[in-house]
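Residue-level listing of the chains:
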Amino acid sequence: MARVLVAGAAGFIGSHLTDRLLADGHEVVGIDNFITGNPRNLSHLHSNPRFTFVEADVIRPIVVDGTFDRIYCLASPASPIDYLKRPFETLYAGSDGTRNLLDRALADGARFLLTSTSEVYGDPQVHPQPESYWGNVNPNGPRSVYDEAKRYAEAITMAYHRYKGVEVRIARIFNTFGPRMRHDDGRVVPAFSCQALRGEPLTVFGDGSQTRSYCYVSDLVDGLVRLMESDLREPCNLGNPYELTVRELATVIADAAGSGSTVVYKPLPEDDPKIRRPDTTRARTVLGWEPQVPFADGLRVTMDYFRQTLGL
Ligand code: UDP
């Protein structure tokens, strides 16, 4: 049994990771400042004696008793509308937040895992994206508050490894979906699911020819745990190579809802990446990890969750 700190525990992925670590028998301390996380995501854990929650912001030094064996850093706004609404919180979470958690890892002798992002590849010109690709990021465009914060987070994580000897892991997370996403977080799966369930038109940005690849959350969490427990110090893509255009996704979700929703076209946000699909060779060969949940199965569970959330 390990003592594990999960920063961002009340978020979508953080709460699923917390569940998984508790199920594996570990003691977990979760921290979150709730700017995008939701206390309801952890409410089922209140009576679990191996779980403690501390409301805290990672941009300040991490004051939690005891020492940790593992630190997972997931604390950051992560959906485009969230980070565009909270540019400074996003920049500070990636910079000061990552640094504070690395300092805690250094002090405790803990192993540290950074959740980085496919956004470090920007609007990629290489397809699919391997970890060796350095990316095509606009360093001062609207999305840079997230992309560059995460690129800095990778840089400081590797510096703590190279110069201070901290054991580090870096996951580059691609688009992930599942229950506990906020229905209004603006990301495409919750947006289309809720629109389709309400019988509203689905809002396709641009002409909908841009692609994303969608990983179900339990697969992603399994990848994070495997990466943490591996010897891999280089960044590792975690995502499902299952790639769809946004227009195809709209059709699949409208069909799944059976509500006969139509599509309306809206302007494409600035710097919206045109193609995105992970090269998962490294995760497959080094971690023995491969997504297991078919997209249709994950989507069914996710849409059931939104049906409940919306009271439909
Ligand atoms: N998108 C869309 N309609 C929406 C929300 C998003 O067409 O209501 C598009 C968005 O422009 C992007 C893709 O869906 O091309 C995925 O967007 P999301 O915000 O989920 O994540 P991103 O991969 O851009 O971070």
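If you're wondering where the values come from, they're calculated on a predicted model, not measured in any experiment.

Procedures and definitions
- Residues numbered from 1 in each chain as written.
- Predicted model: local features only at pLDDT ≥ 70, side-chain atom pairs only at ≥ 80, totals over all residues.
- Heavy atoms only, no water.
- Near = heavy atom within 4 Å.
- Polar contact = N/O pair within 3.5 Å; in protein donor to acceptor, adjacent residues only side chain to side chain.
- Areas by Shrake-Rupley, 256 points an atom, 1.4 Å probe, with all protein chains shown as cover.
- Nonpolar A, V, L, I, M, F, W, Y, C, P; charged D, E, K, R; others polar.
- Salt bridge = Lys/Arg side-chain N within 4 Å of Asp/Glu carboxyl O.
- Buried < 20%, exposed > 50% of the residue type's maximum accessible area, 1.4 Å probe, protein only.
- Helix = DSSP H or I, 4+ residues; strand = E, 2+ residues; numbered from the N terminus.
- Expected span 1.5 Å × (residues − 1).
- Arc of directions from axis to C-beta.
- Contact = heavy atoms within 4.5 Å.
- Pairing = 2+ DSSP bridges.
- Right-handed = clockwise from strand over helix to strand, strands pointing away.

### Comments concerning the site of the ligand
Reasoning step 1: Residues in contact with the ligand amount to 18 residues; listed here are only the nearest, Thr 203, Phe 205, Arg 212, Asp 272 and Arg 276.
Reasoning step 2: Val 188 is positioned such that a nitrogen or oxygen atom in its backbone is 2.8 Å from an oxygen atom of the ligand.
Reasoning step 3: Within the side chain of Arg 276, a nitrogen or oxygen atom sits 2.7 Å from an oxygen atom of the ligand.
Reasoning step 4: Look at the ligand: alone it shows 520 Å² of surface, and the protein chains cover 94% of it.
Reasoning step 5: In the shell around the ligand, the residues fall into eight nonpolar, four polar and six charged.

### Let's talk about the pattern of salt bridges
Reasoning step 1: Considering all chains together, one arrives at 24 salt bridges under this definition.
Reasoning step 2: The shortest N-O distance in the salt bridge between Asp 24 and Arg 20 comes to 2.9 Å.
Reasoning step 3: A residue is classified by how much of its surface remains accessible, and Asp 24, at 37% relative accessible area, is partly exposed.
Reasoning step 4: Among the residues examined, Arg 20 registers a relative accessible area of 25% and is labelled partly exposed.
Reasoning step 5: Salt-bridge contacts for Asp 297 lead to Arg 300; the nearest nitrogen and oxygen are separated by 3.1 Å. Here Asp 297 and its partner Arg 300 are both found in helix 9 (residues 295-309), three residues apart, which amounts to about one turn of the helix.

### Digging into helix 7 (residues 246-257)
Reasoning step 1: In a regular helix each residue adds 1.5 Å, so twelve residues correspond to 16 Å; helix 7 covers 16 Å between its end C-alpha atoms and thus fits that length.
Reasoning step 2: Listing the buried residues of helix 7 in full gives Val 246, Leu 249, Ala 250, Ile 253 and Ala 254. Down the axis of helix 7, the buried side of the element spans an arc of 130°, and every buried residue falls inside it.
Reasoning step 3: On its buried side, helix 7 packs onto helix 5 (188-197), strand 8 (202-205), strand 12 (243-245), strand 13 (263-266) and helix 9.
Reasoning step 4: Positive backbone phi, at 65°, marks Gly 258, one or two positions downstream of helix 7.

### Here we look at the pairing of strand 6 (residues 168-173)
Reasoning step 1: Among the six residues in strand 6, six count as buried, and that is most of the element.
Reasoning step 2: Burial along strand 6 is two-sided: the face carrying Val 168, Ile 170 and Arg 172 and the face carrying Arg 169, Ala 171 and Ile 173 are both buried.
Reasoning step 3: Bridge count between strand 5 (residues 111-117) and strand 6: six bridges; the pairing is parallel. If you follow Thr 115 over to strand 6, its bridge partner there is Ala 171.
Reasoning step 4: With helix 4 (residues 144-164) bridging strand 5 and the parallel strand 6, this β-α-β connection has right-handed handedness.

### A word on the side chain of Ser 144
Reasoning step 1: Position of Ser 144 among the secondary structure elements: in helix 4.
Reasoning step 2: Among the residues examined, Ser 144 registers a relative accessible area of 10% and is labelled buried.
Reasoning step 3: Ser 144 has contacts with Asn 138, Pro 139 and Ala 149, leaving out every residue within four places of it along the chain.

### Let's talk about the environment of Ser 15
Reasoning step 1: Structurally, Ser 15 can be placed in helix 1 (residues 12-23).
Reasoning step 2: If we skip the residues at most four places from it in the chain, Ser 15 touches Ala 9, Asn 41, Leu 42 and Arg 180.

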